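Examination of the molecular architecture
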Amino acid sequence: RGSSPSLHHATLRQHHQRRLLNHFISKSPSSADPIIPKTSQFTLAVKDNIATTSPFPTTCASDILSNYTSPIEATIVTQLRSLGANITGKTNLDEFGMGSHSTHSAFGPVSQDSSLKDPISAGGSSGGSAVAVANKEVDLALGTDTGGSVRLPAAYTGVAGYKPSYGMISRYGVIPYANSLDTVGFLSRQVKPIRELIAGFNSTESAEEIALWKYHDSKDPTSLSLSARLRCAKQREGYNKEWDQTRLNGLKFGVPLEYNIEELDPRIRDAWAAAAERLEQKFGAKIVPVSLPTTKQALAAYYVIAPAEASSNLAKYDGVRYGKRNEEASSDAAGGVLYAATRGKGFGEEVKRRILLGSYTLSSEAMDNYFIKAQKVRRLVRRDFNRVFALENPLQESETFELSDLPDNIEMEDKWGPEEVDFLLCPTAPTLAPKLADVVDQKSVDSYMNDVFTVPASLAGLPAISIPMPVASEDGTKTAGLQLIGQYWDDARLLGVAEAMS
Ligand code: GLN
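Everything numeric in this text was worked out from a predicted model, so none of it was measured.

Rules behind the numbers
Residues numbered from 1 in each chain as written. Predicted model: local features only at pLDDT ≥ 70, side-chain atom pairs only at ≥ 80, totals over all residues. UniProt positions renumbered as here; feature names shortened; annotations may be inferred. Helix = DSSP H or I, 4+ residues; strand = E, 2+ residues; numbered from the N terminus. Buried ≥ 20, exposed ≤ 12 C-beta atoms within 10 Å, placed from the backbone. Axes fitted to C-alpha atoms, helices over the stretch in contact; angles between N-to-C directions. Parallel < 35°, antiparallel > 145°, perpendicular 65-115°, else oblique. Contact = placed C-beta atoms within 7 Å. Nonpolar A, V, L, I, M, F, W, Y, C, P; charged D, E, K, R; others polar. Near = placed C-beta within 6 Å.

Moving on, we get to the UniProt feature "active site" (unreviewed entry) in the protein. Those places that UniProt annotates as "active site" (unreviewed entry) correspond, in this numbering, to Lys 47, Ser 125 and Ser 149. Spanning 103 residues, the annotated positions come together in the fold, the maximum distance between their C-alpha atoms being 10.9 Å. The topology assignment puts Lys 47 in strand S2 (residues 42-47). Taking the number of C-beta atoms within 10 Å as the measure of exposure, Lys 47 has 32 and is therefore buried.

Turning our eyes to something else, we now look at unusual backbone geometry. A negative phi holds for most residues other than glycine; trans holds for most peptide bonds. Each neighbour pair has its own omega, and for Ser 54 with Pro 55 the value is 15°, a cis peptide bond. By secondary structure assignment, the location of Pro 55 is in the loop between S2 and helix H2 (75-82). Of note, the amide linkage connecting Gly 124 to Ser 125 takes the cis form, showing an omega dihedral of 5°. Positionally, Ser 125 belongs in the loop between strand S3 (85-91) and helix H3 (127-134).

Below, the discussion takes up the packing of helix H9 (residues 295-313) against helix H11 (residues 349-361). The contact between H9 and H11 brings their axes to 7 Å, and the two run at 100°. Classed by the angle they form, the pair H9 and H11 counts as roughly perpendicular. Every residue of H11 that contacts H9 at Val 304, Pro 307, Ala 308, Ala 310 and Ser 311 is listed here: Arg 354, Ile 355, Leu 357, Gly 358, Ser 359 and Thr 361. Residues belonging to the contact of H9 with H11 are distributed by class as follows: six nonpolar, four polar and one charged.

Around the ligand, the structure places 14 residues, and the nearest of them are Gly 97, Ser 100, Thr 146, Gly 147 and Ser 149. Class assignment for the residues of the shell around the ligand results in three nonpolar, nine polar and two charged.

Structure below.
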């Protein structure tokens, strides 16, 4: 299961190494041979929960879809192919995007290094895409980011990983995990190619065609309308503009105090401080402490909302409507037997755990205590962000809800500082990439902890990017992720700043 049959073109050594990394689920037979791309062409790896047509299957790393090939191609794949992308293959992930280490896969775990002893986690759930980029096997990779699945693997593998504003990039053909949070994300070794794709650039005639931010997709109901796109962009700058370091001068970066948690690895804390200092001294930016009081509750709210939406999305995989049927189940018994046998066999442990969790929090006796409270926390998370950013949120909801609506354990004293910032600066994850051996047996709740710095931006639908941040460690320099978060639809500036900083 671990390797794909089309790898036979590669040399044995490459084969051996790739099998250990296990980052591709399927590969284009031609791409195993070295190809010299034409200037306008680039190689692309696609996470296997994003639909591609034959010859590539789209498995979501699930047994239930292990023989599935999609009749349609995701809009983003079509867009990138029209810009010159050659698909190298489909990458391994946590089943349906649920996980943080790419270990919950029906095709076995991904590793970011090929050492037999102590392989290291690639992060998840877009771990396969991150490894393909880090290994220089592709120029660009697509991932999905629901609560950090592009940013976390980018941080662990030392590449750039960008999650766009919610509703910017079409999700048509992306197999849903949690609809209110899902985004398509991009991984690359440099920020520049990502910025040029999203925001356009003004040095060529074709800039207009390249800017993905402009494209409304009528096939995706969550894709922002063209008029809303233009209205949002009008309040923003940096679309179709070149960036250089001088533009960082005078920008204000907020350092959220609540992100300085006890669990933060001291080496990452030091690197974070060094990054802030460099921004001030080298680029003339201003660093200000800010408060995002709902940070701690955000993680809990995410792990209520995401499984709730997942339980509803995954209901269709029952062996009748979708999914590989468990043929051993007696088909003439009441439908429930077939459904249960198909789902029991076809889904992995973590997916089943999320379905149970989601079905419970949506049940009538638990709804008020979990799902409704989580939605309220989500609004507070958005409000926290809107208070610290200098730019207004063009989708801002009116703040009409009562303080008595708040969950009891959220204190509402005057924690917000007066400063209004351009971007937030924080680590992507609280630890360095762990050893796979240390995470495979980890309790789920412990691995949920990894997402503490990435889920707030997801809950608020904000753009965020992780760029490599050097970390001094006893055994040499390692890499972690530095995360920048921007106000809604401030993607062009966010990418420009990230490019200038890296
Ligand atoms: N680790 C998070 C989860 O398991 C985020 C996953 C994602 O962004 N797809 O839900």
